[in-house]
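These are the residues of each chain, in order.
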Amino acid sequence: MMENRKNSPMLFYAYYFVIFFGTAIQYSFLMMYLNNAGMSSSIIGLVNGLTYIISFIVNPIYGTIADRVINKNKVLIAGMIMSIVLLIFFSRVRSIFGLGLIMILFIATHNPLMGVYESITIHHSLKNHWNYETIRMSGTLGYAVMALMSGYGLSKNENLIFPFYIAATILATILACLLPPTPKALSKGDIRRENNENIFSLLKVKKIRNVMILYCLYMLGTTFKQTYFGIYMIQLGGTYHLVGIANMLLALSEIPFYLGPGRRWMKRIGIEKSMLFITFVGVFRWLLVGISRTPTLLVITMLFNGMMLVPIVTGMVKFLHESAPEHLKVSAQTTLRAPFMIGGQLLGTVVGGWIVGALDAAGLPGIRIGFAALAPLHLILFVLVGWSMYKDKKV
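Only a predicted model underlies this, so the values are computations on that prediction, with no experimental measurement involved. (Residues numbered from 1 in each chain as written. Predicted model: local features only at pLDDT ≥ 70, side-chain atom pairs only at ≥ 80, totals over all residues. Heavy atoms only, no water.)

1. Considerations on the overall build of the protein
The helix and strand inventory of the protein stands at 18 helices and zero strands. A compact globule built from 395 residues would reach a C-alpha radius of gyration of about 21 Å, and the protein, at 20 Å, matches this within 12%. Its C-alpha atoms give the protein principal-axis dimensions of about 60 × 55 × 40 Å. In the protein, buried positions account for 58% of the 395 residues. Considering only contacts within the protein whose residues lie at least 6 apart along the sequence, 86% involve residues at least 24 apart. For the protein, the exposed area adds up to about 16300 Å²; of that, 70% sits on carbon and sulfur atoms. (Helix = DSSP H or I, 4+ residues; strand = E, 2+ residues; numbered from the N terminus. Rg over C-alpha atoms; globule rule 2.2 N^0.38 Å. Buried < 20%, exposed > 50% of the residue type's maximum accessible area, 1.4 Å probe, protein only. Contact = heavy atoms within 4.5 Å. Areas by Shrake-Rupley, 256 points an atom, 1.4 Å probe, with all protein chains shown as cover.)

Structure follows, in structure tokens:
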């Protein structure tokens, strides 16, 4: 039975399905909850920014420890247990300062775990010839289910947000304990080599550099959306339930790119051109969000998500895993991505929050203008990186 469990991807399907319950709650509703608790849009942006600064320190720690311990799963389980404890504290706090402090601690502890479980999953997928895309898609389905269910539940009582999140994380932790062990990649010789080998040396490869620059831009737009979409929806007359429906559509839009022609097309053009395509799509997506005047149109814009997200969560994850040496596989998903991911997150939260606050203070629709401003920014990066790729092809 133990051998069957190790050779079956079913536990990974179950784990991704459940772990994304919490992801749906955090990214769909947590900012709305904080805003309704009295935290202003600009303060939410600042708190998120501080969270990502701390994550910049925590991400490499997770990666380094996971690459060295006998079983990487232990790092994942320990991080999830700490997340449960912090969520319990989160549910008990009522002051704005306390909410901000616990949010910083929770997200800085919990979010880096994604790089750990992605690396664990890629390891077992390659070893056992599983399809990583379909495993990741089970997370998408879990996100869709929880977004719809919690959107309905929170529209009745928004204080259910923490019981929902705690229950989902406990269940995910139980499943994490059942995952097959993932041995360390570092031998003593590897550790000596690692001291003279920097994961950032991979950035000498222009293809990797281009991918990471466009990833930074993607994270800017995505983080701004995660921070302000729900608040914007309420400003346009929407509800928790409608935000849940929007995030369900967001998740379901990914399926054609996991299973259908979108997946085959991404494999054919490669990760660099896929990232350039994401940037081009972002021009239209964020412009449409910025000009939205009704909740219905805002919901429809979520359909752009699949063609933008899937190349990141499958193509880029596999690309970095294959590009990194064996003893730096987790570090590629945590340490290497950290400055680009967190740089984009800081621009989307701290700078974006400051702009939103300044525009709101001037009597202008700060969130709407912020979304619209993402469109020309994407266009500029699309032209610059696209021209660079074109010149390289000509040489």
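2. A word on the packing of aromatic side chains
As enumerated under the stated definition, the model contains 18 aromatic pairs in all. An angle of 40 degrees between the planes, with centres 4.7 Å apart, marks the rings of Phe-90 and Phe-162 as tilted. Remark: Phe-162 occurs in helix α8 (residues 161–178) and Phe-90 occurs in helix α4 (residues 73–92); sequence separation between them is 72 residues. Each member of the pair, Phe-90 together with Phe-162, is buried. Three or more aromatic residues link up through ring pairs in this structure, and these residues are Tyr-33, Phe-90, Phe-106, Phe-162 and Tyr-165. (Phe/Tyr/Trp six-rings, centres within 6.5 Å; stacked < 30°, edge-to-face > 60°.)

3. Some words on unusual backbone geometry
In the Ramachandran plot, His-129 falls in the positive-phi region, its phi being about 60 degrees despite a non-glycine side chain. Inspection of the secondary structure puts His-129 in the loop between α6 (113–128) and α7 (132–156).

4. Some words on the packing of helix α2 (residues 10–36) against α7
Between α2 and α7, whose axes approach to 6 Å, the crossing angle comes to 45 degrees. As the angle between them shows, α2 and α7 are arranged oblique. Relative to α7, the crossing made by α2 is right-handed. Grouping the amino acids of the contact of α2 with α7 by side-chain chemistry returns 18 nonpolar, eight polar and one charged. (Axes fitted to C-alpha atoms, helices over the stretch in contact; angles between N-to-C directions. Parallel < 35°, antiparallel > 145°, perpendicular 65-115°, else oblique. Left-handed = near helix turned anticlockwise from the far one by under 90°. Nonpolar A, V, L, I, M, F, W, Y, C, P; charged D, E, K, R; others polar.)

5. Some thoughts on helix α11 (residues 240–252)
With 13 residues, α11 should cover 18 Å at 1.5 Å per step; its first-to-last C-alpha distance of 18 Å lies within 8% of that length. Taken as a whole, α11 has its buried residues at Tyr-240, Val-243, Gly-244, Ala-246, Asn-247, Met-248, Leu-250 and Ala-251. (Expected span 1.5 Å × (residues − 1).)

6. With respect to the nonpolar core
Core analysis: the largest hydrophobic core is formed by 116 residues, its most contacted members being Tyr-15, Leu-34, Leu-76, Phe-90, Met-212, Tyr-215 and Phe-371. The contact partners of Phe-371, leaving out residues within four places of it in the chain, are Phe-224, Lys-225, Tyr-228, Phe-229, Tyr-232, Trp-286, Val-289 and Gly-290. (Core = buried A, V, L, I, M, F, W, Y, C linked by side-chain atoms within 4.5 Å.)

7. Concerning the confidence of the model for the protein
Residues at a pLDDT of 70 or more form 91% of the protein, whose mean pLDDT is 85. Ranking the elements of the protein by mean pLDDT puts helix α9 (residues 188–195) last with 49 and α8 first with 95. (pLDDT = per-residue confidence, 0-100.)

8. Observations concerning the packing of α2 against α11
Viewed as axis vectors pointing N to C, α2 and α11 meet at an angle of 155 degrees, and their least axial separation amounts to 10 Å. With respect to α11, the axis of α2 lies roughly antiparallel. Between α2 and α11 the crossing geometry is right-handed. Residues Ser-28, Phe-29, Met-32, Tyr-33 and Asn-36 of α2 form the contact with α11, whose own contacting residues are Tyr-240, Val-243, Gly-244 and Asn-247. Looking at the contact of α2 with α11 residue by residue, the class counts come to five nonpolar, four polar and no charged.

9. Describing α8
Counted at 1.5 Å a residue, the expected span for α8 with its 18 residues is 26 Å, and the 26 Å between its end C-alpha atoms agrees. Listed as buried for α8 are Ile-161, Phe-162, Tyr-165, Ile-166, Ala-168, Thr-169, Ala-172, Thr-173, Leu-175 and Ala-176. Residues of α8 that are buried in the fold lie against α2, α4, α5 (96–110) and α7.

10. Things to note about the environment of Thr-134
Structurally, Thr-134 is set in helix α7. The class for Thr-134 is buried, based on a relative accessible area of 14%. Put simply, Thr-134 and Ile-255 are 121 residues apart on the chain and 9.1 Å apart in space, counted from C-alpha to C-alpha. Setting aside chain neighbours within four positions, we find Thr-134 in contact with Tyr-13 and Leu-259.

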